[in-house]
Amino acid sequence: MVIPQYKRPTQLTSLDFTTIFLIQHGEHPVFFLEINAAGHIYRSLSRAAADKQMRERVDDLRDDVRIPILYGTSALGTMLCFYKYTKDTRQLERKLIPGDSKFVIDTAPRDRWNFDLLTAEGEQSLGKSRDYVKLLAHVADYGA
């Protein structure tokens, strides 16, 4: 089941919003995708906000995860960044880059969104996530 959602803009005058697709098998999440405007790739604050949203989404979903690995994808336009949450270890792969009180730190570098959906490599990477989700659904349905 695909459950589309959206996150409201932070300012009432903003037309910018986040579209979220949560894919569930039964009541349990198996994949999620958060989409932001393409221009976010060029602004460090926007990338940091997208990274924070992904981490918050994992935190929100983790108690309902019944599969070994939950994948999530952040899309800034066509540029993709993949996240991987491992249930047993509670590890989120996309290392958090902490800020600093003295220095300006890019906590979500642009090169994290390193797969372009419009290229064969980007499409293939997203396809691997899709295939994993389909395999898990098959196993859950048939126990094989």
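Residues numbered from 1 in each chain as written. Predicted model: local features only at pLDDT ≥ 70, side-chain atom pairs only at ≥ 80, totals over all residues. Heavy atoms only, no water.

> Explain the nonpolar core to me, please; I cannot follow it from the model alone.
One finds F32, L70 and W113 to be the most contacted residues of the largest nonpolar core, which totals 28 residues. When contributions to this core are tallied by element, the ones reaching two or more residues are β2 (18-25), β3 (28-36), α1 (44-61), β4 (69-76), β5 (79-86) and α2 (120-142). Top contributing element to this core by residue count: β5, with 5 residues. Look past the residues within four positions of L70 in its chain and what remains in contact with it is P29, V30, F31, F32, L61, V65, Y83, K84 and Y85. (Core = buried A, V, L, I, M, F, W, Y, C linked by side-chain atoms within 4.5 Å. Buried < 20%, exposed > 50% of the residue type's maximum accessible area, 1.4 Å probe, protein only. Helix = DSSP H or I, 4+ residues; strand = E, 2+ residues; numbered from the N terminus. Contact = heavy atoms within 4.5 Å.)

> Looking at this model, I keep getting lost on a negative patch on the surface. Mind explaining?
The grouping of E27, D60, D63 and D64 at the surface amounts to a negative patch. By the element assignment, D64 lies in the loop between α1 and β4. (Patch = residues over 30% accessible without salt bridge, like charges linked within 9 Å, V, L, I, M, F, W, Y side chains within 5 Å. Areas by Shrake-Rupley, 256 points an atom, 1.4 Å probe, with all protein chains shown as cover. Salt bridge = Lys/Arg side-chain N within 4 Å of Asp/Glu carboxyl O. Lys, Arg positive; Asp, Glu negative; His and termini not counted. Charge placed at Lys NZ, Arg CZ, Asp CG, Glu CD.)

> Please clarify how α1 should be interpreted in this entry.
Because the α-helix completes a turn every 3.6 residues, residues three or four places apart line up on one side. Given a rise of 1.5 Å per residue, 18 residues ought to cover 26 Å, and the 26 Å separating the end C-alpha atoms of α1 matches this to within 8%. Buried residues of α1: S46, R47, A48, A50, D51, Q53, M54, R55, R57, V58 and L61, and no others. (Expected span 1.5 Å × (residues − 1).)

> How do you make sense of the pattern of salt bridges when you look at a structure like this?
Pairs can form between side chains of opposite charge once their charged atoms are near each other. All told, the structure shown has 8 salt bridges when counted by the stated rule. Between D106 and R47 there is a salt bridge; the shortest N-O distance is 2.9 Å. Remark: R47 occurs in helix α1 and D106 occurs in the loop between β6 (91-93) and β7 (115-116); sequence separation between them is 59 residues. Exposure remark for D106: the relative accessible area of 33% places this residue in the partly exposed category. We classify R47 as buried; its relative accessible area is 5%. Notably, a salt bridge pairs D51 with R112, separated by 3.9 Å at the nearest N-O pair. With D51 in helix α1 and R112 in the loop between β6 and β7, this pair connects stretches of sequence that are 61 residues apart. The exposure class assigned to D51 is buried, which follows from its relative accessible area of 4%. Note on R112: relative accessible area 9%, which makes it buried. Connected through shared salt-bridge partners, D51, R55 and R112 make up one network.

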